[in-house]
Amino acid sequence: MRGTSTLGLPSHLTALAALLFIAPLGLAAQTQTPSASQNDPAEVVRRLMDEEVARGEAYSMLQELCTGLPHRLSGSEDAANAEAWALKRMRAAGLQNVRLEECTVPHWVRGRIARLGVVTPAEAKLAPLPILALGGSIATPPGGLRGRVVVVRSWDELKTRAAEARGAILLLDRPMDPTEHDPFEAYGKAVDQRGRGAVEGAKVGAKAVLVRSMTLRLDDFPHTGAMHYDDGVTKIPAAAISTAGAERLAALVRAHAAVEVELELDCKELPDVTAHNVVGEIVGRERPDEFVVVGGHLDAWDVGEGAHDDGAGCVQAIEALRLVRALGPVPRRSLRCVLWMNEENGLRGARAYKAAHAAELDRHVLTIESDRGGFAPRGFGTNAAGAAWDALAGIAALLAPGGAGTLEHGGGGADTSPLEAAGGNVMELLPDPARYFDYHPSARDTVDQVHPRELALGAGALASLAWCVAELPDALPRPTPAATPPPASK
Ligand SMILES: [Zn+2]
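Residues numbered from 1 in each chain as written. Predicted model: local features only at pLDDT ≥ 70, side-chain atom pairs only at ≥ 80, totals over all residues. Heavy atoms only, no water.

A.B. asks: I would appreciate a short explanation of the pattern of salt bridges in the present structure.
C.D. replies: Pairing is possible between side chains that carry opposite charge, provided their charged atoms lie close to one another. Under the definition given, this model contains 37 salt bridges. A salt bridge links glutamate 64 to arginine 89; the nearest nitrogen and oxygen atoms lie 3.0 Å apart. Taken as a pair, glutamate 64 in helix H4 (residues 58-68) and arginine 89 in helix H5 (residues 77-92) lie far apart in primary sequence, 25 residues in all. Between aspartate 272 and arginine 348 there is a salt bridge; the shortest N-O distance is 3.3 Å. Of this pair, aspartate 272 sits in strand S9 (residues 268-282) while arginine 348 is found in helix H12 (residues 348-356), placing the two residues 76 residues apart along the sequence. The class of arginine 348 is partly exposed, set by a relative accessible area of 29%. What you see here is one network of salt bridges that share partners, running through Arg99, Glu101, Glu281, Arg336 and Glu360. (Salt bridge = Lys/Arg side-chain N within 4 Å of Asp/Glu carboxyl O. Helix = DSSP H or I, 4+ residues; strand = E, 2+ residues; numbered from the N terminus. Buried < 20%, exposed > 50% of the residue type's maximum accessible area, 1.4 Å probe, protein only.)

Next up, the structure:
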């Protein structure tokens, strides 16, 4: 469009401003220019945010998903019904090209028994020791198995005490480090116990492993999560024990020479099943074959309601496109909402997406994931660099009034990791991280623990950022081949 911009700048300067997305747009945000053009990023961001906090539908969608289909673990009935729910929601939001894209997923079931009791000393009067099988664990023999408890806090300690651990039930009791300011850093330093505990335990001849739950809180909610076995290493059962339960058991072991417990689990792995990613789009007005993707993962663990992890990310992604569809304007490039299946215990949906879209990966301008809970947004993390970083920083600055104005290096979640490995720009919505591990993934992760306003601010920020990137005159340059390894599944 020729002429003078609403900021009073000649149009070529407006174009430059749009390219850089920095000063003039920041000015517009500050001055709330009332007559800004329909496609002015600052004006569009303001309208999207206004609409979301006033009349957003993210929370009502989350209530519907979490109360109707709380246990969405891959292969389950709730997961299959959640696919149908997402199709319906995307169509109701007016998205285009709404469809299912096939993937094959594991089908592990928890069973009904998760029991841990102290056998010796018989006089021990311990409060119950709440446990949950870790995802992927084998069962114990029916009736359970018994073993002495050996408590270790590091792999070095396990090595040193290998003879003692033989035939024992290990308690892997290294807490998340409370001196880490970022809980995700603390999680990263402890979660190896959950992932490889059964393998390391089996290598020293342990019968089973109990893993201290991955949370900074001291409470009686065990937190499940993924674990793995290695080919050629005996499979032994693995369960998470609540942090308070781990403290009680470790104290008993300190007080008595020999503590014996009985553990029973009846979980099992069934044959793989066919499942789907759910996809919907807003077709771009000028470059429909270039994509800005927003998404979350539709599967969730089978305890709680999968509200923060990751029902919140799913409804924010649908809501982001619903908002754009409802308010317009349609951006230059296409927006695509992807709800991935099987993030929690396999990442099969993310890998299937990459394979199915191999021919257009170089036209994925940016892929944004929301998978850190529905808390108040603080900003975004990205692997983008150079000019792409500058453009994203300019856009992020527009989101400061809603609290989401920071841009951090690093980012992208588990589901975006295959696309990052393929050389794409990825990004992750970064909400306040303080309480995420209070809920993830435990019986506490319920919709009533998500604040509607915080969820809405995140959805608005996601919509705004995606729209601005889809509207940029030039596509973001792709990063140089990534050196970053894919993040661990959360
Ligand atoms: Zn997640």
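Let's pick the thread back up.
A.B. asks: Is there a simple way to explain the packing of H4 against helix H16 (residues 452-471) in this structure?
C.D. replies: Angle between the axes and distance between the axes: these two values describe a pair of packed helices. With their axes 8 Å apart at the nearest point, H4 and H16 run at an angle of 110° to one another. In this view, H4 runs roughly perpendicular relative to H16, as classed from their interaxial angle. Only Pro452, Leu455 and Ala459 of H16 make contact with H4, whose side of the interface consists of Ala58, Tyr59 and Leu62. Looking at the contact of H4 with H16 residue by residue, the classes come out as six nonpolar, no polar and no charged. (Axes fitted to C-alpha atoms, helices over the stretch in contact; angles between N-to-C directions. Parallel < 35°, antiparallel > 145°, perpendicular 65-115°, else oblique. Contact = heavy atoms within 4.5 Å. Nonpolar A, V, L, I, M, F, W, Y, C, P; charged D, E, K, R; others polar.)

A.B. asks: Mind showing me how you'd approach H4 here?
C.D. replies: Each α-helix turn comprises 3.6 residues. Residues three or four places apart therefore point the same way. Every buried residue of H4 is accounted for by Ala58, Tyr59, Met61, Leu62, Leu65 and Cys66. Projection of H4 onto a plane perpendicular to its axis shows the buried side chains occupying an angular sector of 155°, all on one side. Where H4 is buried, its residues touch helix H3 (41-55), H5, helix H11 (307-327) and H16. (Arc of directions from axis to C-beta.)

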